[in-house]
Every structure is written in structure tokens, then in C-alpha cells.
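So you can see what is in the structure, the chains are spelled out below.
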Amino acid sequence: MKRLILLLTVWSVAPPGESDPSPPTAADRVTIQRDEWGVPHIFGPTDASVVFGAAYAQAEDNWWQVEDN
């Protein structure tokens, strides 16, 4: 009985086959490429990821303005 309880406790803490439980974040799904003039071109699979990329590029370029807003 003690072995069964121990086995169930260990299994509930770390289910088999689940190595990385964290889902991908918006930063993992967006690509920002800058051209020769420094203009950011943002690519992503969803609108939310593209908006995240645009905000990130804005923060890289004009952090003082983002902070004031």
C-alpha cells in the first residue's frame, strides 16, 4: 500500500512524457528583421504576435517615449 501511494505521488508530480510543460510565449513566435535603414519588418503567425513584435521594436528604438506614454 505504501508503494502504491509513493508511486501515485511521484506520478502526479511529474507525469510521464511531459518534459517541457511551458507553452511558447509571444516572443518565441515572432521574428523582427531590420532592413539596411533600420526599419523593423515584423513576422508572426498571429495578430497578437505581430503586435508584440511591433511594441518590442518600438521599445528598442524609442524607450523614452514608450516610458513617457
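Not measured: the values here are computed from a predicted model.

## Details of the overall build of the protein chain
Step number 1: Of the regular secondary structure elements, the protein chain holds 4 helices and 2 strands.
Step number 2: Moving toward the C terminus, one meets the helices and strands of the protein chain in the order α-α-β-β-α-α.
Step number 3: Across the 69 residues that make up the protein chain, the buried fraction comes to 6%.
Step number 4: Counting every atom, the protein chain has about 6,100 Å² of accessible surface; 61% of that belongs to carbon and sulfur.

## Some words on the pattern of salt bridges
Step number 1: Enumeration according to the criterion identifies 2 salt bridges in this entry.
Step number 2: The partner of Arg-34 in a salt bridge is Glu-60, and the shortest N-O contact between them spans 2.9 Å. One end of the pair, Arg-34, is in strand S1 (residues 31-34); the other, Glu-60, is in helix H3 (residues 47-61), with 26 residues separating them in the sequence.
Step number 3: The class of Glu-60 is partly exposed, set by a relative accessible area of 46%.
Step number 4: Here Arg-34 falls in the partly exposed class, since its relative accessible area comes to 34%.
Step number 5: Within the structure, one salt-bridge network assembled from shared partners comprises Arg-34, Glu-60 and Asp-61.

## Digging into the side chain of Ser-49
Step number 1: The topology assignment puts Ser-49 in helix H3.
Step number 2: A distance of 2.8 Å separates a polar side-chain atom of Ser-49 from the backbone oxygen of Thr-46.

## Considerations on the pairing of S1
Step number 1: Sheet analysis places S1 next to strand S2 (residues 40-43), joined by 4 bridges and oriented antiparallel. Bridge assignment links Gln-33 to a residue of S2, and that residue is His-41.
Step number 2: In this antiparallel pair of consecutive strands, S1 and S2, the connection spans 5 residues, and Gly-38 shows a positive phi of 85°.

## Describing H3
Step number 1: For H3, built from 15 residues, the straight-helix expectation of 21 Å at 1.5 Å per residue is met to within 8% by its first-to-last C-alpha distance of 21 Å.
Step number 2: Taken together, the buried positions of H3 are Ser-49, Gly-53 and Ala-57. One side of H3 carries all its buried residues, which in axial view fall inside an arc of 75°. The outward face of H3, more than 90 degrees from its buried face, is lined by the exposed residues Asp-47, Ala-48 and Val-51.
Step number 3: Its buried side turned inward, H3 meets helix H2 (26-29), S1 and S2.

The rules we used
- Starting from 1, residues in each chain are numbered consecutively following that chain's sequence as written.
- Selection of residues for local features in this predicted model requires a pLDDT of at least 70, selection of side-chain atom pairs for listing and counting requires 80 or more, and totals for whole chains, interfaces and linings are taken over all residues.
- Only hydrogens and water are removed before side-chain values are computed, so all heavy atoms of the structure are retained for them.
- Helix and strand definitions here come from DSSP, where helices need a minimum of 4 consecutive H or I residues and strands a minimum of 2 consecutive E residues; each element is numbered from the N-terminal end.
- Only protein chains enter the area calculation, which uses a 1.4 Å probe; residues under 20% of their type maximum are buried, those over 50% are exposed, and those in between are partly exposed.
- Surface exposure here means Shrake-Rupley accessible area, sampled with a 1.4 Å probe, where a residue is shielded only by the protein chains that are shown.
- Think of a salt bridge as a Lys or Arg side-chain nitrogen and an Asp or Glu carboxyl oxygen that are within 4 Å of each other.
- Nitrogen and oxygen atoms within 3.5 Å of one another constitute a polar contact, given that in protein one can donate a hydrogen and the other can accept it, and given that sequence-neighbouring residues count only through two side-chain atoms.
- Strands qualify as paired when DSSP identifies two bridges or more between them.
- The length a helix should cover is 1.5 Å for every residue beyond the first.
- In this description, one arc is meant: the one made by directions from the helix axis to the C-beta atoms.
- Note on definitions: a residue-residue contact is assigned when non-hydrogen atoms from the two residues lie within 4.5 Å.

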